[in-house]
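Survey of secondary and tertiary structure
Here is what each chain is made of, one letter per residue.
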Amino acid sequence: MAELCRTDSSLTSLDEEVLWEMMEDHRCRIVRSIFPSRLTPYLRQAKVLDQLDEEEVLHSPRFNNTAMRVGYLLDLLKTRGKNGAIAFLESLKFHNPDVYTLVTGLQPSVDFTNFSGLMETSKLTECLAGAIGSLQEELSQEKGQKEALLRQCQQLQERLDQAEARAEGLRQLEADHSRMKREVSAHFHEVLKLKDEMLSLSLHYSNALQEKELATTRCRSLQEELYLMKQELQREKMSSSCEREFRERSLKMASDLEPGDEELSRLKEENERLRSLTFSLAEKDILEQNLDEALESRQELVDRIHSLRERAVAAERQRKQYWEEKEQTLLQFQKTKVDCEIYKEKMNALQSQVVELQKERDQAYSARDGAQMEISQNLTEKDALRRKVFELMDQVCELRQQVQRLRVQADSSPGSQLWSDLSATSSRELVDSFRSSSPAPPSQQSLCKRATEDFWEDPCFSSGCPEILEVDQGGSLGAKKSNADLDFEIVDRADLPESENSLQPSSGDLYLSASCFPVRRRPARKILSQVTVLAFQGDALLEQISVIGGNLTGIFIHRVTPGSAADEMALRSGTQIVMVDYEATEPSSKAVLEGMTLERAVGLLQRVNGFCCLSVKVNMEGYKKLVQDLEAKVATSGDSFYIRVNLALEGRAEGELQVRCNDILHVTDTLFQGSSCWHAHRVGPYSTKGTKHGTIPNYTRAQQLLIALLQDMAHQSTVTRKQSSGGAQKLVRIVSMDRTKASPLWSSFEGSQLDPSRVEDPSTVCFWTESCFTLVPYTLVHPHRPSRPRPVLFVPRVVGKILIEKLCLFQGFKKCPAEYLSQEEYDTSSQRGDIIQEREASGGLYCVTRRAVESLMGKNTHALLDIQLDSVCVLHRMEIFPIIIHVSINEKVAKKFKKALQRLGTTEDQLLEAARQEEAELDKVPCLYSSLAPESWSDLDALLGCVRLAITDEQRKVVWTE
């Protein structure tokens, strides 16, 4: 508050540079807080700005915002010298007192006598009036903006009410729609029932009509027979009456015995009648035969009627049985419906439990993130404390040097005897009592006694650790003279895990360091499987130690130079280096060597040239196995990983391996014979075993070759090379990777390209971080051997649609359908990560899901997929590895698909364009694919045969994924 009470006269007494330094220190706050339009009137009256300057500051199109205008105003006032600074501060005192207090530390006062005298009182009044007018204008503008915003808010509220009403109407319509759908489904089932009943009735009616027709035909035949019988009966009556008359006349003739002409004529007539009667007797025989046949047919019809009646009774009995079965089926349906409702309730309960579990999981994730944040903060604090320790040690060294100088002066002074007595007493106390309460640091012997006592008092070492490190009482000459340089050991137990019941101490020596970084340490303990951090002076570290190993086995110390700092720290062969901190005075400059290749580890250790901290552990079993393999020439290093080559390499020199683009190699040594090359084996397509072996360029050299090859392809005509099969050889696969992605491959690097602010972990840092290019000559791959039939994907998709229709006719192939999912089902599947590809539709989404693909794979069937190439990564995350069949397309091949393309509504030009686009995306696919050359097939049937053979061959191969 004393500063705030100072007068403004102190500002005018300050120099120009001091004033501007005060304002530059708070420039950010100034440009954010003030408005230039309020200050320019006062500055014009103070004659540090003119009208042109004011217009340029306020209305220049170069400045897009207020901060830029204020910055230009400050730069302009800086050219006006001290008057500009004082005038600007006085304007701040009037318009922005808080900023004025922040800059000057003075309490602003509006006393006109305190102004600098740059302007008159009348002009100040005009300035104030202009400022008040500008403020009123701004206030009116703000009021207008406020009214406009209120109107806009009202409009938005009205639109929101309308939208809510519309949404309510839509919900009502949706409810009506669902109700109508249920009613329609119920009516549909009733209609199906009625249709079944109508069908049965129509069958019965048709049977009755047929029986009626048979009965009418039989009735007609019987009526005809009756008519014939009636005619025969009349004839019989006529014949009997004629016989009777003939008998009567014969009796009369016998009685009369008088023939005459009349009798003769009468006899002739009777003779004629008898003749006619004889003809009717023949007809009688025919009628008798017809009657017998009619009786037989009648008997047959009667028998048939009886059989039909029996069948009708059986049909009625069967109808009753079916009706009973129908009733039972309806009862079972009702029971099943009730069970379905119960299962739905159970599923809802399970889903709610799953949601709760997901919430708990999210809470656990958040708690884990918080714990990780706390751990990172603790690590940061620990590093800060470590730096403070080193600073304090430096101060201790300086104080001890001052003490030595004072001792020298005391020896030459008369009071030297008193000083020597005090020194002897202190030394005797330090030697005799390691529990001394003296403010002076404890002696080396006291530290040793304390370490030994702590070691024996520890229950973990009372039974299993009979040996401890012995202290070399002699030490070095420098150690005897100083007797105050301390060694220390840093054990970072927060970062590295400890293992229980695996501790074995071993003997060693304690040396006193006389370097510029004094270090104090307790006797080192060799503890198996426990990580220990050792801090020492590692000048030219690879001259002190030599390392072997790789990403598979780990990095081990193989030899230690006698008498070096590493030897003094008891580093021995078989010690595994877990992590190195090669600049302990800088924050977070660490590199984890576990999982790192030998080439990368050697390049990293070459950079260590000064004070360093090594995190080590004893792993003699792994070291001995590695040494045995190296001596038996089973391996040349501890490296082992697989890569996919993205460019063609010609093995020109002896021992070099000739490699084609997209070959799979097994790298076994990244520092082969100490040169900048890798030793690798070519892997066959059907196994992971290596066949031919040789050397290939390391990552940096391969990247340079890739760039040179791209330059040659850009400036020269591409030379067409033919493979043994007759197809064109692929020279380059362009792969541009993100620098933040992980890969355990490492190449040689330069120190200037590393970021010292982050921990170099091979599990989190990519192997091309050292390079300035993102083109990747080698890609890390992993093998897979799927046991079930793999799904099939075709490129281009237009040809795939044609082939899928044809392949579905063969056994073992089936198209994977796209399922219709509602929004709830889609959210659930998307949350589980089961969506492979989606397509929007009315009321929901059509999605290719993981369940559909795995169901076909479980049936020992190849699922034929009609999806895009970018969905291959999604399938890989699901542990599903599709077969990609690429059909090369040119103008000649496109003509062969002419008819099939017409059915799909696609032209040949569209097919060629789609093929060019999708072939460009094939290089981005993280796996290998099979390509069919145009000359390998002649028609569509031959293409189907080639495709089936390619699918069978790809199913037998090992799947390599990036």
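Residues numbered from 1 in each chain as written. Predicted model: local features only at pLDDT ≥ 70, side-chain atom pairs only at ≥ 80, totals over all residues. Heavy atoms only, no water.

Observations concerning the sheet that holds strand β18 (residues 883–887)
Strands sit in the order β13-β17-β12-β18-β19 across an open sheet of 5 strands; the sheet is parallel. Looking at the sheet topology across the chains shown, the edges are occupied by β13 (813–815) and β19 (930–932). Across the sheet, the mean angle separating the axes of adjacent strands is 30° when strand polarity is ignored. When strand β12 (residues 792–795) meets β18, the two strands line up parallel, connected through 4 bridges. (Pairing = 2+ DSSP bridges. Helix = DSSP H or I, 4+ residues; strand = E, 2+ residues; numbered from the N terminus. Axes fitted to C-alpha atoms, helices over the stretch in contact; angles between N-to-C directions.)

What to know about the pairing of strand β11 (residues 778–784)
Here strand β7 (residues 641–645) pairs with β11 via 4 bridges, running antiparallel. Residue pairing across strands places arginine 644 opposite threonine 779, the latter belonging to β11.

Comments concerning the pairing of strand β9 (residues 677–683)
Counting buried residues in β9 gives 7 out of 7 residues, a clear majority hidden from the surface. Burial along β9 is two-sided: Cys677, His679, His681 and Val683 and Trp678, Ala680 and Arg682, pointing in opposite directions, are all buried. As paired elements, strand β8 (residues 664–669) and β9 share 4 bridges and run antiparallel to each other. Paired with leucine 665 across the two strands is arginine 682, which belongs to β9. Counted along the chain from β9 to the antiparallel partner strand β10 (residues 690–697), the turn is 6 residues long. (Buried < 20%, exposed > 50% of the residue type's maximum accessible area, 1.4 Å probe, protein only.)

Topic: the pattern of salt bridges
If you walk through the whole model with that rule in mind, you get 28 salt bridges. One salt bridge connects arginine 44 with glutamate 54, and the closest N-O pair in it is separated by 2.9 Å. Here the residue arginine 44 occupies a position in helix α4 (residues 36–45), and glutamate 54 occupies one in helix α5 (residues 51–59), the gap between them amounting to 10 residues. The class for arginine 44 is partly exposed, based on a relative accessible area of 37%. Aspartate 629 serves as the salt-bridge partner of lysine 625, at 3.5 Å between the closest nitrogen and oxygen. Remark: aspartate 629 and lysine 625 occur in helix α17 (residues 620–631); sequence separation between them is 4 residues, near one turn of the helix. Look at lysine 625 and you get exposed, because its relative accessible area is 53%. Residue aspartate 629 is classed as partly exposed on the basis of its relative accessible area, which comes to 23%. (Salt bridge = Lys/Arg side-chain N within 4 Å of Asp/Glu carboxyl O.)

Remarks on the nonpolar core
Residues Met23, Ile30, Leu43, Leu77, Phe88, Leu89 and Leu92 are the most contacted members of the largest nonpolar core, which totals 32 residues. In this structure, methionine 23 is in contact with Ile30, Ala85, Phe88, Leu89 and Val103, ignoring residues within four places of it in sequence. Judged by nonpolar contacts, the second largest core, of 30 residues, contains Phe813, Ile883, Ile889 and Leu901. (Core = buried A, V, L, I, M, F, W, Y, C linked by side-chain atoms within 4.5 Å. Contact = heavy atoms within 4.5 Å.)

Regarding a negative patch on the surface
A cluster of acidic residues, Asp285, Glu288, Asp292, Glu293, Glu296, Glu300 and Asp303, forms a negative patch at the surface. One can find glutamate 300 in helix α10 (residues 261–412). (Patch = residues over 30% accessible without salt bridge, like charges linked within 9 Å, V, L, I, M, F, W, Y side chains within 5 Å. Areas by Shrake-Rupley, 256 points an atom, 1.4 Å probe, with all protein chains shown as cover. Lys, Arg positive; Asp, Glu negative; His and termini not counted. Charge placed at Lys NZ, Arg CZ, Asp CG, Glu CD.)

Observations regarding the packing of aromatic side chains
Overall, the coordinates contain 8 aromatic pairs when judged by the stated rule. Taking 5.0 Å as the distance between ring centres and 40° as the angle between the ring planes, the aromatic pair formed by phenylalanine 63 and tyrosine 72 counts as tilted. Ring centres of phenylalanine 641 and tryptophan 678 lie 5.9 Å apart, and the angle between their planes is 90°; on these two criteria the pair is classed as edge-to-face. Note that phenylalanine 641 is positioned in strand β7 and tryptophan 678 in strand β9, a separation of 37 residues in sequence. Residues phenylalanine 641 and tryptophan 678 agree in their burial class; the two are buried. Feature note: the residues Phe641, Trp678 and Tyr778 constitute an aromatic cluster, connected by ring pairs. The positively charged end of arginine 62 is found above the aromatic ring belonging to tyrosine 72, 5.5 Å away from the centroid. Over the face of the ring belonging to tyrosine 686 we find arginine 956, whose NZ or CZ atom lies 4.5 Å from the ring centre. (Phe/Tyr/Trp six-rings, centres within 6.5 Å; stacked < 30°, edge-to-face > 60°. Lys NZ or Arg CZ within 6 Å of the ring centre and 35° of its normal.)

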